[in-house]
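The residues making up each chain are set out below.
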Amino acid sequence: MRDYQVGVVVGSLRRHSFNRKLAATIVKLGPPEFSFRPLQISDLPLYNRDDDDNPAEPVKRLKAEILASDGILFVTPEYNRSMPGVLKNALDHASRPYGQSAWAGKPAGVLGITIGAAGTSMAQQHLRNVLVYLDMPTLAQPEIFLQAREGFFAADGSIASADTRKLLQGWLDRYLAWVTRFAG
Ligand SMILES: Cc1cc2nc3c(=O)[nH]c(=O)nc-3n(C[C@H](O)[C@H](O)[C@H](O)COP(=O)(O)O)c2cc1C
């Protein structure tokens, strides 16, 4: 059986980001043949089409890491009922120059957590819209909408509730099966 690599993009730059904690927890639930690589987006410049012929080093790095990945897992907060600009900026960067997108064909998974009761549902839906255009086959079900209530994370950063961990394990199992379906 071969090994698989999943790139993980977190849509928050915040030091104590709930979404980064969620990503750190979920990657521990995968079987050993899957490795997870955080894809850094914090050092990308703002996308400017003038730079398409001469991309900055962080842009080249991001695109190479995406191309080396068998799947991409997005873990994002919701900002003003959509995805944060830093995530959209990363999506735009790696989609260009036209015809040289790094995202195309990579099986995607979408997760998110927020303090709001709607659990990033609108951000996830906006993100899915973009992923369809980028030609990324995206796991449709199950969807997971998480609210970061008091006590959601234990002191060590893990997810406190066994039921939520079970829910996430089921989601990850489905997503990793989705990745293997598309991997060459
Ligand atoms: C600019 C901004 C806009 C936000 N808009 C929403 C929103 O539309 N829906 C929501 O549930 N939470 C919203 N929030 C709250 C974030 O979901 C919350 O700050 C969350 O902790 C961010 O994720 P992080 O902890 O991974 O950084 C917003 C926060 C910011 C800073």
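Read on for a plain summary of the structure. (Residues numbered from 1 in each chain as written. Predicted model: local features only at pLDDT ≥ 70, side-chain atom pairs only at ≥ 80, totals over all residues. Heavy atoms only, no water.)

1. Digging into the packing of aromatic side chains
1) Next: Counted by the stated rule, this structure contains six aromatic pairs.
2) Next: Seen from their ring centres, Phe-74 and Trp-103 are 5.7 Å apart, and the 45 degrees between their planes marks the pair as tilted. Placement of the pair is Phe-74 in strand 3 (residues 71-75) and Trp-103 in the loop between helix 3 (85-94) and strand 4 (108-111), with a sequence separation of 29 residues. Comparing Phe-74 with Trp-103, the two get one shared label, buried.
3) Next: Where Phe-152 meets Phe-153, the ring centres are 4.9 Å apart and the plane angle is 70 degrees; that geometry is what we call edge-to-face.
4) Next: A relative accessible area of 12% means that Phe-152 is categorised as buried.
5) Next: We classify Phe-153 as buried; its relative accessible area is 13%.
6) Next: These aromatic residues form a ring-pair network of at least three members: Phe-18, Phe-152 and Phe-153. (Phe/Tyr/Trp six-rings, centres within 6.5 Å; stacked < 30°, edge-to-face > 60°. Helix = DSSP H or I, 4+ residues; strand = E, 2+ residues; numbered from the N terminus. Buried < 20%, exposed > 50% of the residue type's maximum accessible area, 1.4 Å probe, protein only.)

2. Points about helix 1 (residues 18-26)
1) Next: Burial in helix 1 covers these residues: Asn-19, Leu-22, Ala-23, Thr-25 and Ile-26. End-on view of helix 1: buried residues confined to an arc of 160 degrees, all on one side of the axis.
2) Next: Residues of helix 1 that are buried in the fold lie against strand 1 (4-10), strand 3, strand 4, strand 5 (113-114), strand 6 (146-147) and helix 5 (162-182).
3) Next: Structurally, the start of helix 1 carries an N-cap: the backbone nitrogen of Asn-19 is 3.1 Å from a side-chain oxygen of Ser-17. (Arc of directions from axis to C-beta. Contact = heavy atoms within 4.5 Å. Polar contact = N/O pair within 3.5 Å; in protein donor to acceptor, adjacent residues only side chain to side chain.)

3. Let's talk about the packing of helix 2 (residues 57-67) against helix 3
1) Next: Where helix 2 contacts helix 3, the two axes come as close as 10 Å, and the packing angle between them is 80 degrees. In terms of their interaxial angle, helix 2 and helix 3 are classed as roughly perpendicular. On helix 3, the residues touching Val-59, Leu-62, Lys-63 and Ile-66 of helix 2 are Ala-90, His-93 and Ala-94.
2) Next: Class assignment of the residues belonging to the contact of helix 2 with helix 3 gives a composition of five nonpolar, one polar and one charged. (Axes fitted to C-alpha atoms, helices over the stretch in contact; angles between N-to-C directions. Parallel < 35°, antiparallel > 145°, perpendicular 65-115°, else oblique. Nonpolar A, V, L, I, M, F, W, Y, C, P; charged D, E, K, R; others polar.)

4. Some remarks on the nonpolar core
Grouped burial of nonpolar side chains is what soluble globular proteins tend to show.
1) Next: By size, the foremost hydrophobic cluster in this structure holds 28 residues, and its most contacted members are Leu-22, Leu-73, Leu-111, Leu-168, Trp-171 and Tyr-175.
2) Next: Secondary structure elements with two or more residues in this core: strand 1, helix 1, strand 2 (34-38), strand 3 and helix 5.
3) Next: Broken down by element, the residue count for this core peaks at seven residues, all from helix 5.
4) Next: Here Leu-22 is in contact with Val-75, Leu-111, Gly-112, Ile-113, Leu-146, Phe-153, Ile-159 and Leu-168, once residues within four sequence places are set aside. (Core = buried A, V, L, I, M, F, W, Y, C linked by side-chain atoms within 4.5 Å.)

5. Some details on the sheet that holds strand 2
1) Next: Strand order in this open sheet of four strands is 2-1-3-4, and the pairing throughout is parallel. The outermost strands of the open sheet, each flanked by one partner alone, are strand 2 and strand 4. Neighbouring strand axes in the sheet, compared pairwise and without regard to direction, differ in orientation by 25 degrees on average.
2) Next: In terms of strand pairing, strand 1 meets strand 3 through five bridges, oriented parallel. Considered in strand 3, the bridge of Val-9 is made with Phe-74.
3) Next: Across the sheet, helix 4 (residues 121-133) touches strand 3 and strand 4, and the angle it forms with strand 4 is around 165 degrees.
4) Next: The strands touched by helix 5 within the sheet are strand 1, strand 2, strand 3 and strand 4, with strand 4 carrying the most contacts at an inclination of about 160 degrees. (Pairing = 2+ DSSP bridges.)

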